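# Reading the structure
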Amino acid sequence: MNAIIFSAIFGVVMMFSGVFFSSKQLIRNLAIGLMAALLVLNAAELQGYGLFDINLNNMLHFTSFGLVFNCIAFAATFIYLLLSARDIEQVGVNLAEYFALIFFILCGVGIATSFNSLLMLFLAIEIISIPLYILTGSDKRNLKSNEASLKYFLMGAFSTGIMLMGIALIYGATGTFSLDAIATATKGFETLLTGGLLLLLIAMSFKVSAAPFHFWTPDVYDGAPTVFTSFMATIVKAAIFAAFIKLFEKAYLPSVASWKAALTFIIVATLFIGNITAVFQQSVKRMLAYSSIAQAGFMLFALFGYSDFGKEGILLYAAAYSAATIGIFAILLKMSDYTFDGYNGLAKREPVLAFVNTIFLLSLAGIPLTAGFFAKYYMLVAAVKSGASLWLVIFAVLCAAVSVYYYFRVIQAMYFKTATTEDVTTAPVTINFKVILIVLAAIIVLLGLFPHWLFTKVYF
Amino acid sequence: MLLAIDWLLLLEKLVLIVIIVSVSLVIAMYETYAERKIAAFMQDRRGPNRAGPFGLLQPLADGGKLFFKEEIIPNTSNKFLFILGPCLAMMTAMMTSAVIPWGGTVAVFGRSVSLQIADINIGILFVFGVVSMGVYGIMIGGWASNNKFSLLAALRGASQMISYELAMGLSLIALLMMTGSLRLSVIVDQQMTSGVWNVVYQPLGFLIFLVCAFAECNRTPFDLPEAENELNFGYHQEYSSMKLGFYLFAEYINMFISSVIMATLYFGGYDIPFVNEAALIAKGNNWIQWIGPLVLIIKVGFFIFLFMWVRWTIPRFRYDQLMNLGWKKLIPLALLNMVLTGALVLWLKK
Amino acid sequence: MNWIFLQVKNPITDVSSAGSYLPIAIQLIFAVLFIAAMMGLTHWLGPKRNTADKLENFASGIESHGDARQPMAIKYFLVAILFVLFDVEVIFFYPYAVNFRQLGWEGFFAVLMFVGFFLAGFFYIIKKGALNWED
C-alpha cells in the first residue's frame, strides 16, 4: 500500500514542482530524492511497517513476492534516474511532468504486483499504459516520436478493448472479478470462461510484446525518445510480467494443462521472431527492441513452468534484465551514432564504458558468472520441472546461442574495430556516471554469483 | 396484455404534453414581443405597435412570415448536418419541460391529474442532460454551414456553454445537499411545507446559478456566439426560413425553461407565498391548486424580465473575461459554497 | 410481451420504476413529429428560386476565400478536454450530495479529500496556463 499511495502523491508533487521551481537541477534532484524515499517506504512495508491499514475488500493483496518485485522495480528506476535524469532534460521542456509520469507509472506497477481482482488488473495496466503513450510522444517536434506515440496508443487501446471483453466474458462465466473466486468458480460456462481467458491471454501477450502480438514493439521502441525506451523496455515490461504471472497463477490454474499448447506456441514464436529478427538489425536501438522481445520469450517460461522456482526465476530475470538493459541504454544515449558502427573503437576512447557495456551484454546473452545466466537457468529448470517437453528447452537454448551473435557484434565493434570517421563521438560523461555504471555491473556479477540473496525476503 | 396499460393515464399525459409545449411556444413568441417592448421602453421608444392593439399580434406576424421564406442551404455546406442542427436545438428545448412540476394535483372530470409530465427520481439530472445536448445544436449548425463566421461563433458558443455548465453543476450540489433528492417535485414540496424558499439558505448558490443560466442561454452579457459586430449574425448566419426560426425559438424557450428551473429550485416553484396550501386543501378548497401554476408563471415572468433588463443594461464581456469569470471565479466560488454548506448543515444537525 | 412498465401497479406515477419515463418518451415522439411537420410545412410553403449567388457562403458581401474546413485554435479543444475531466468529477459529487446527511462527518471529510484532488488539478491547469486566452 505504501508504494501505491506514495508513488501517486510523489507524482503529484513532481507535477507541481514544475510549477513552483524553475531550476532543472532542483527538479531533477527532487525526483531522485523522492524515488529513494519511495524505495525506502516500500522496503519498510516489506519489513512489516505498512503505514496504511485500509479495507480493500480483497481487491489488492500484498504478498512478499509483489513487494520484492516492487523493490526491484523501484531500485531499477532509482538507478535509471541517477544515470539518465540529465538525458530526460534533453527530451523537451516539460521536465517535471516527465518525472511525474514516471511516478504515476510506478503507481501502476505497485497495483500490477498486488492486484487480486480483474478490475484492479485493468486499472494497473491502464495506469501504466496511458503515461507511456505520452512519454513516447514527448519529443513533440520529432515526427517519428509522434508516429510511435499514435501507433502505440491505437494498438494499446485496441488491446485494452480485447482485455475488457475478456474480463467481461470471465465475469459472465463466474459472476466475479476476484481472482480467488475465479480459480474456484463452479464450472458450467466453460466456453464463456475459456473465451474470456483467451482474450485476456491475447491482451496480456500484447502488453508484454510476445509474438505474434509484438508488431508495435520495434516501431514504438525505436520512435520513442531513447531515454524513455529504456524505461519502457525494462521496468514496465517486467511489471506487466509480474501481473501476468499472478494472473496465471490464479485464474488459469484450474485449467492450466489446456493452456500449455497456446503458451508453447507463444513462447516458440516469441523466441524465434525476436532472436532471428534481431540478427538483421543495423541500429543498436532497434536491435535492443527485438532483443527485448526475445527476452520476453524467456520470461514467458515462468508462466509455463509455474512454480516457486519459476517465481524466483522471474524475480531474478526482472532484476538482471532491467539492470543490464538500463545500463546499455544509458551508454547508448551517450553515442552520437546508434548503429553498430557507432560503437567502433569505444574501448580506446572510453575503456570503462566499453568494459561495463560488455558485462551488460554478456548478462543479456546469458553467459555464466553474470546474473543473466542464472536467470535463464532458473527459467529453464522451472520449465523442465513442470514437465515441459525437452525440445522446447533445447529450442530456447539454441535461441540463446543465436542471441550471442548480435550481442557480441557490439562487443566486437567496441574492442576489435577502430572508428573510421572522425564524427563518431561519445558525449562527455561524468565520473559519477561511470561510478554508477560500475556499481550496476558489480550488482550483475554479484547476482550471477549469489542469486539467492534476492529471494531471502520472498519466503520470510 | 396491452389492455393492462392505463390508457386514460396516457391520454391525460398526452394532453398535458400538448398543452405545456404549446404554452411554452406561445410564451417564447411573446418573449420576443416583450423583449422589443422592454427595449423600446428603456430606450424611450414605442416598440412594435402596428399589428393589433399595442402591437400584440406582432409575434404571430413574425412567426407566420418564417413559413413563407425561402429555404437556403449553401452549396458548400453538409446538407444533412445543416438540417439536423436546428432540429436538435429545437428538440432539446422542447424536452426539458417534461420533468418540471407545473403544479400540484388538480381534479379534471373526476380524475386527479398531476401537473407534472414525468415525475422521475433524477429530475434535475435529466434537465442537465438535455440542456447539455443543446450544445450540439449550435456546434453542428455552425460547423455544417461551412462559413468562417458561423464556425467561430459555434466554437465560442460551445466552449462557453460547457465552461459554465461546470459552475452550474457545482452550484447546484449545495442545494441538493439540503434537499437530499434530485426529484423536482420533492424539492418544491419541501419548500411548500417549510414555507421558506431555498434562496434564503442558498443565496450564493442562486447567484452563481443565475449567472450560469445567463451564459447557458447565450444572453447578454454572455452573448458572444451572436456578437453581431464581430461575427455578423453568429452561428445561424447561413440559416433562413423555419430553420432560423427554430434556433431563435429554441433560444427563447431555453430562456423560459431556465427561468422555470430557477423559480422551481430556489423560489418555491408553484408555492403561493404566505399561504398554507396544505391546510386549505385539507378544508376542501381544491381550487387553490389551479392558482399554483399561475403563481409559477408570475415568478417566471419576473425572471424573464430580469433577462431582458440585464440585456439592455450591461455591455458584453470580452471572450477572455468570460472564460476567466467562468473558470477562475465561479468554479472556486461554487466549490466554496458547497463545502461551507456541507459543514454548516452537519454542524447545525449536531 | 412483458413490458417493464406493466409490472408495477401504477407504473407511470411510481418514481422508482422505469415506467415513469414513459411520458418522456411520448414527449420525445411528440417533439420529433412537431419538428418534422414544421420543417415539411416550410419546405412546402416557401418559394424555391435558387441562384448561384444565393447558395454561396455569406461573407458580408465580399467574395469568400476558402472555406471553414481549416484548423482552429487549440484552446477551444483544450477547454473541451478539460470540461470532460472536470464534468466527470462534478458528477461524482451528485450521489454524495443526495446521501449527504446519512454519511455525516465521515463522508464529509472523504469528500473534502476529493475536493482537494479537484482543486489540485484545477490549480495545476491554471498555473500551467491552459486557460489563458490572452496569449
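Preceding this paragraph is the structure being described.
The following paragraphs examine the structure supplied in this document. (Residues numbered from 1 in each chain as written. Chains lettered and ligands numbered in written order. Predicted model: local features only at pLDDT ≥ 70, side-chain atom pairs only at ≥ 80, totals over all residues.)

### Looking at the overall build of chain B
To be explicit about the condition: Helix and strand assignments come from DSSP, with helices taken as H or I runs of at least 4 residues and strands as E runs of at least 2, each series counted from the N terminus. Exposure criterion: with C-beta atoms placed from backbone coordinates, a residue whose C-beta has 20 or more other C-beta atoms within 10 Å is buried, one with 12 or fewer is exposed, and one in between is partly exposed. Residue pairs qualify as contacts under a 7 Å threshold applied to their C-beta atoms, which are placed from the backbone.
Of regular secondary structure, chain B possesses 13 helices and two strands. A principal-axis box enclosing the C-alpha atoms of chain B has dimensions of 65 × 55 × 50 Å. A burial count over chain B gives 51% of its 350 residues as buried. The long-range share in chain B, meaning contacts at least 24 apart out of those at least 6 apart in sequence, stands at 80%.

### Remarks on the environment of serine 291 of chain A
All names here are of chain A. Topologically, serine 291 is positioned in helix 12 (residues 284–299). On the basis of neighbour count, serine 291 is assigned to the buried category, with 26 C-beta atoms found within 10 Å. In sequence terms serine 291 and threonine 325 are 34 residues apart; their C-alpha atoms lie 9.9 Å from each other. Not counting the four nearest positions on each side in its chain, serine 291 is found in contact with Gly274, Ala278, Leu364 and Ser403.

### Here's the deal with helix 3 (residues 64–91) of chain A
Selection criterion: At every residue, the bend is computed as the angle between two fitted axes, covering the seven residues ending there and the seven beginning there respectively.
A bend of about 65° at serine 84 of chain A is the largest found in helix 3 of chain A. Along helix 3 of chain A, 22 of the 28 residues are buried, which leaves the element largely enclosed by surrounding structure.

### Examining the pairing of strand 1 (residues 101–108) of chain B
Defined as follows: Between any two strands, pairing holds if DSSP finds at least two bridges.
Of the strand pairs in this sheet, strand 1 of chain B and strand 2 (residues 111–116) of chain B are connected by five bridges, and their pairing is antiparallel. Its bridge partner being in strand 2 of chain B, valine 106 of chain B is matched across the sheet by valine 113 of chain B.

### Remarks on the interface of chain A and chain C
Keep this limit in mind: For this classification, the nonpolar set comprises Ala, Val, Leu, Ile, Met, Phe, Trp, Tyr, Cys and Pro, the charged set comprises Asp, Glu, Lys and Arg, and every other residue, Gly included, is treated as polar.
Tallying the contact residues gives four residues for chain A and four residues for chain C. Among the residues forming the side of chain A that touches chain C, the class breakdown is four nonpolar, no polar and no charged.

### A look at the interface of chain B and chain C
Facing the 62 residues of chain B at the interface are 59 residues of chain C. Only helix 1 (7–42), helix 3 (79–95), helix 5 (148–179), helix 10 (241–266) and helix 13 (319–349) of chain B provide two or more residues apiece to the side of chain B that touches chain C. Broken down by element, the side of chain B that touches chain C gets its largest block of residues, 13 residues, from helix 5 of chain B. Each residue belonging to the side of chain B that touches chain C can be placed in one class, and the counts come to 37 nonpolar, 14 polar and eleven charged.

### Thoughts on the packing of helix 5 of chain B against helix 2 (residues 74–98) of chain C
Packed helices, taken two at a time, are described by the angle between their axes plus the distance between the axes. The condition is simple: Here an axis means a line fitted to C-alpha atoms, over the contact stretch when the element is a helix, while the angle between two N-to-C directions is reported on a 0 to 180 degree scale. Relative orientations are named as follows: roughly parallel for angles under 35 degrees, roughly antiparallel for angles over 145 degrees, roughly perpendicular for angles from 65 to 115 degrees, and oblique for any other angle. Should the near helix be turned anticlockwise from the far one by less than a right angle, the crossing is left-handed, and should it be turned clockwise, the crossing is right-handed.
One can describe the packing of helix 5 of chain B onto helix 2 of chain C by two numbers: an axis separation of 9 Å at closest approach and a directional angle of 15°. Here helix 5 of chain B lies roughly parallel to helix 2 of chain C, going by the angle between them. For the crossing formed where helix 5 of chain B meets helix 2 of chain C, the hand is left-handed. In this structure, helix 5 of chain B uses Leu155, Ser159, Ile162, Ser163, Glu165, Leu166, Gly169, Leu170, Ile173, Leu176 and Met177 of chain B to contact helix 2 of chain C, whose residues at the interface are Tyr76, Val79, Ala80, Phe83, Phe86, Asp87, Val90, Phe93, Tyr94, Ala97 and Val98 of chain C. Along the lines of polarity and charge, the residues of the contact of helix 5 of chain B with helix 2 of chain C split into 17 nonpolar, three polar and two charged.

### Considering the environment of alanine 250 of chain B
Residues and elements named next belong to chain B. By the secondary structure assignment, alanine 250 is in helix 10. For alanine 250, a count of 24 C-beta atoms within 10 Å corresponds to the buried category. Separated by 172 residues in the primary sequence, alanine 250 and asparagine 78 have C-alpha atoms spaced 22 Å apart. Residues in contact with alanine 250, not counting those within four places in the same chain, are Ala89, Met90, Ala93 and Gly137.

### Brief notes about unusual backbone geometry
Of note, the amide linkage connecting alanine 211 of chain A to proline 212 of chain A takes the cis form, showing an omega dihedral of 0°. With respect to the helices and strands, proline 212 of chain A occurs in the loop between helix 8 (190–207) and helix 9 (216–223). Its identity is not glycine, yet asparagine 218 of chain B carries a phi of approximately 55°, on the positive side. Checked against the element boundaries, asparagine 218 of chain B lands in the loop between helix 8 (203–216) and helix 9 (228–231). On the neighbour-count criterion, asparagine 218 of chain B (23 C-beta atoms within 10 Å) is buried.

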